[in-house]
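Residue strings, one per chain:
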Amino acid sequence: TASTILVTADVVSMYTNIDNKDGLMAVKSLFEKHRDPSRPDHYILELLRICLENNDFLFDGQFWLQISGTAMGKIFAPSYANLFMAWVEERFFAHIGYRPPFYARFLDDIFLVWTEGLSLLRLFIAEFDQAHPSIKLEWTLSREHITFLDLTIFKDLSIPSPRALCTRVHFKPTNTLRLLHKHSFHPIHTFRGIILGQLSRFYRLCTYPKDFQKAYRFLFAALRGMRYSRRFLQYCLLDFRKSLNTDRQVKQDNRKLIPLIFTYHQKSELICNNLVTDIWKTLYYNPVVLSGPGVATGTWVI
């Protein structure tokens with residue numbers, strides 16, 4: 001509805017601000033809640049403690065020891081921070097006894113939909129800011145549209161609630177779309193794969209075709225500056241649209257799908273063809289070549 005408020009929040013410097021003691025407590029608590037007899041919890045927690053308490057680094061010609069938080073370069077850092085935030089959220093929502101009708105988080109980025117009015121939202125934000133000393137949040141509110149990750153989420157009141165939220169691609173002002181230059185020494189299917197990947201992402205993120213068209217035109221304008229020809233870009237767009245039509249045809253078929261996927265090999269296509277024996281010939285086979293000569297994949301439909 002028009003009164004619904006879209007809210008995003010960003011945790012400020014989450015990785016380096018997590019207290020080691022509380023972080024270990026959060027991981028231990030979640031391990032106990034989600035038990036797995038085959039998981040060596042004690043050893044995992046001990047290894048995590050060693051990594052957190054022995055992170056040394058060189059700065060300005062001197063060696064330093066990090067006494068709190070975790071370095072962003074550590075391979076376990078995203079999972080560790082994610083578990084810590086899940087622990088904080090669980091305790092916070094249990095404390096206030098309320099959860100917004102929609103609440104989602106990706107690591108340190110939060111998106112929620114609020115329907116209880118602005119005054120109660122301000123109380124909710126004030127409570128959340130006090131949920132844990134390590135957590136400092138930057139909030140953004142809007143009744144019309146808001147940015148979350150690579151999305152712009154906006155309302156379309158012409159759509160019956162609760163399906164009134166729509167999305168389109170968000171390009172940050174600093175995004176220069178510096179993808180692979182066309183004169184780079186790469187096989188042709190690499191350039192094609194990059195473009196098809198971007199088109200696929202844009203198509204998934206855009207609710208309306210006009211937003212998808214605007215997004216890929218913005219991409220193509222940037223690629224033209226990297227020596228991609230108009231003909232090649234149009235070929236990729238046409239190829240992508242053909243793949244959409246193929247997907248629609250497969251989805252309209254109610255028969256069971258059996259995926260058959262091969263990794264790259266020069267004889268993949270030969271192996272695929274040899275598998276179509278007299279028994280398999282009774283099935284419908286839809287071949288799709290994904291990444292150049294010699295690479296075959298497809299779907300059999302019973």
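Provided above is the structure to which this section pertains.
Residues numbered from 1 in each chain as written. Predicted model: local features only at pLDDT ≥ 70, side-chain atom pairs only at ≥ 80, totals over all residues. Heavy atoms only, no water.

**Some details on the sheet that holds strand S4 (residues 102-106)**
With respect to topology, four strands assemble into an open sheet ordered S4-S5-S1-S6, the strand pairing being antiparallel. The two strands at the open ends of the sheet, each matched to only one other strand, are S4 and strand S6 (137-142). On average, each strand axis in the sheet is tilted by 15° relative to the strand beside it, whichever way the strands run. Sheet topology places strand S1 (residues 5-11) next to S6; six bridges connect them, and they run antiparallel. Counted as the bridge partner of Thr8 is Thr140 from S6. Sheet contacts for helix H4 (residues 77-96): S1, S4 and strand S5 (109-114); angle to S4, the most-contacted strand, approximately 155°. Those strands touched by helix H5 (residues 118-129) are S1, S4, S5 and S6, and its axis lies near 165° from that of S6. (Pairing = 2+ DSSP bridges. Helix = DSSP H or I, 4+ residues; strand = E, 2+ residues; numbered from the N terminus. Axes fitted to C-alpha atoms, helices over the stretch in contact; angles between N-to-C directions. Contact = heavy atoms within 4.5 Å.)

**Quick notes on the sheet that holds strand S8 (residues 151-155)**
Across the sheet, three strands lie side by side as S7-S8-S9; this open sheet has antiparallel pairing. Strand pairing shows two members of the sheet lacking a second neighbour, strand S7 (145-148) and strand S9 (165-169), which therefore form its edges. On average, each strand axis in the sheet is inclined to that of its neighbour by 25°, with strand direction left out of account. Both S7 and S8 contribute to a ladder of four bridges, which runs antiparallel. Looking across to S8, one finds that Phe148 is bridged to Leu151.

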